[in-house]
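# Structural characterization, general
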Amino acid sequence: AGVVLLFFGGESTLRGALHISKKLNLSKILVSAVIIGFGTSLPELTVSVQSVLEGKTDIALGNVIGSNIVNLTLIFGLSIMISPLLKLPDAKRDILFMLIITLCFILLKIINFLNFFTGIGFLLILAIYIYARMGSILFAYDYLSR
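All of these numbers come straight from a predicted model, not from anything done at the bench.

## Remarks on the packing of helix H1 (residues 2-24) against helix H2 (residues 28-53)
- It is at 9 Å that the axes of H1 and H2 come closest, and there the two elements cross at 135°. Taken together, the axes of H1 and H2 lie oblique to each other. Seen from above, H1 lies across H2 with right-handed handedness. On the side of H1, the interface is formed by Thr-13, Leu-14, Ala-17, Leu-18, Ile-20 and Ser-21, while H2 contributes Lys-28, Val-31, Ser-32, Ile-35 and Ile-36.

Printed below as a string of structure tokens:
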């Protein structure tokens, strides 16, 4: 039942994202990447925020680390099996950036420097990254659609 609900929920989310792109006259890939990207992270965000508010920060940290492990191994590995991502423009730069951010997180955890301000810093880096990469995402979409 969960898989069926997940399928229909994903389909309706995708249809909603495409509808928004038409209404706002924006690129389908741009709107889909942002909405789907953030939408798939909302359950993790909810669990992490709730656990921090309850004083159970280890759950939030485990959630972040577990998510990164799955994204770097399972999701990334399956994607590479289907289509070699390194052929995409800028893929090497994105992979390097992802690994550097992950290493920064590990380093900050080791030296016990994860606090409000490092959280703001990571959010700022995310905003800058999304802004800077939107042009490249659109370019990759054009490259793949040829």
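## Here we look at the packing of helix H3 (residues 57-82) against helix H4 (residues 91-110)
- Direction vectors running N to C along H3 and H4 enclose 155°, while the axes themselves pass 12 Å from each other. With respect to each other, H3 and H4 are oriented roughly antiparallel. Once H3 is placed against H4, the crossing between them reads as left-handed. On the side of H3, the interface is formed by Leu-61, Val-64, Ile-65, Leu-72 and Phe-76, while H4 contributes Ile-95, Met-98, Leu-99, Thr-102, Phe-105 and Lys-109.
- The residue inventory of the contact of H3 with H4, partitioned by class, reads nine nonpolar, one polar and one charged.

## Describing H1
- The end-to-end C-alpha distance of H1 is 32 Å, a good match for the 33 Å that 23 residues give at a rise of 1.5 Å each.
- Of the residues flanking the end of H1, it is Asn-25, one or two places downstream, whose phi is positive at about 55°.

## Regarding the packing of aromatic side chains
- Here the structure, examined in full by the defined rule, presents four aromatic pairs.
- Seen in terms of ring centroids, Phe-7 and Phe-8 are 5.3 Å apart; in terms of plane orientation they differ by 75°. Their pairing is edge-to-face.
- Geometrically, the ring pair formed by Phe-97 and Tyr-129 is stacked, given 4.7 Å between the ring centres and 0° between the ring planes. Here Tyr-129 lies in helix H5 (residues 116-144) and Phe-97 lies in helix H4, a separation of 32 residues in the sequence.
- Of the residues examined, Phe-97 reaches a relative accessible area of 31% and is grouped as partly exposed.
- Accessibility expressed as a relative area gives 26% for Tyr-129, which makes it partly exposed.

## Regarding the confidence of the model for the protein
- On average, residues of the protein carry a pLDDT of 82, and 88% of them reach 70 or more.
- No element of the protein has a lower mean pLDDT than H5, which averages 78, and none a higher one than H4, which averages 86.

## Points about a nonpolar patch on the surface
- Together, Val-34, Phe-38, Phe-116, Phe-117, Ile-120, Leu-123 and Leu-126 make up a nonpolar patch on the protein surface, roughly 710 Å² of accessible area in all.
- Among the elements of the structure, H2 and H5 are those that each provide at least two residues to the nonpolar patch.
- Ranked by residues supplied to the nonpolar patch, first place goes to H5 with five residues.
- Looking at where Leu-126 falls in the secondary structure, it is placed in helix H5.

Each value, and the rule that gives it
- Residues numbered from 1 in each chain as written.
- Predicted model: local features only at pLDDT ≥ 70, side-chain atom pairs only at ≥ 80, totals over all residues.
- Heavy atoms only, no water.
- Axes fitted to C-alpha atoms, helices over the stretch in contact; angles between N-to-C directions.
- Helix = DSSP H or I, 4+ residues; strand = E, 2+ residues; numbered from the N terminus.
- Parallel < 35°, antiparallel > 145°, perpendicular 65-115°, else oblique.
- Left-handed = near helix turned anticlockwise from the far one by under 90°.
- Contact = heavy atoms within 4.5 Å.
- Nonpolar A, V, L, I, M, F, W, Y, C, P; charged D, E, K, R; others polar.
- Expected span 1.5 Å × (residues − 1).
- Phe/Tyr/Trp six-rings, centres within 6.5 Å; stacked < 30°, edge-to-face > 60°.
- Buried < 20%, exposed > 50% of the residue type's maximum accessible area, 1.4 Å probe, protein only.
- pLDDT = per-residue confidence, 0-100.
- Patch = residues over 30% accessible without salt bridge, like charges linked within 9 Å, V, L, I, M, F, W, Y side chains within 5 Å.
- Areas by Shrake-Rupley, 256 points an atom, 1.4 Å probe, with all protein chains shown as cover.
- Salt bridge = Lys/Arg side-chain N within 4 Å of Asp/Glu carboxyl O.

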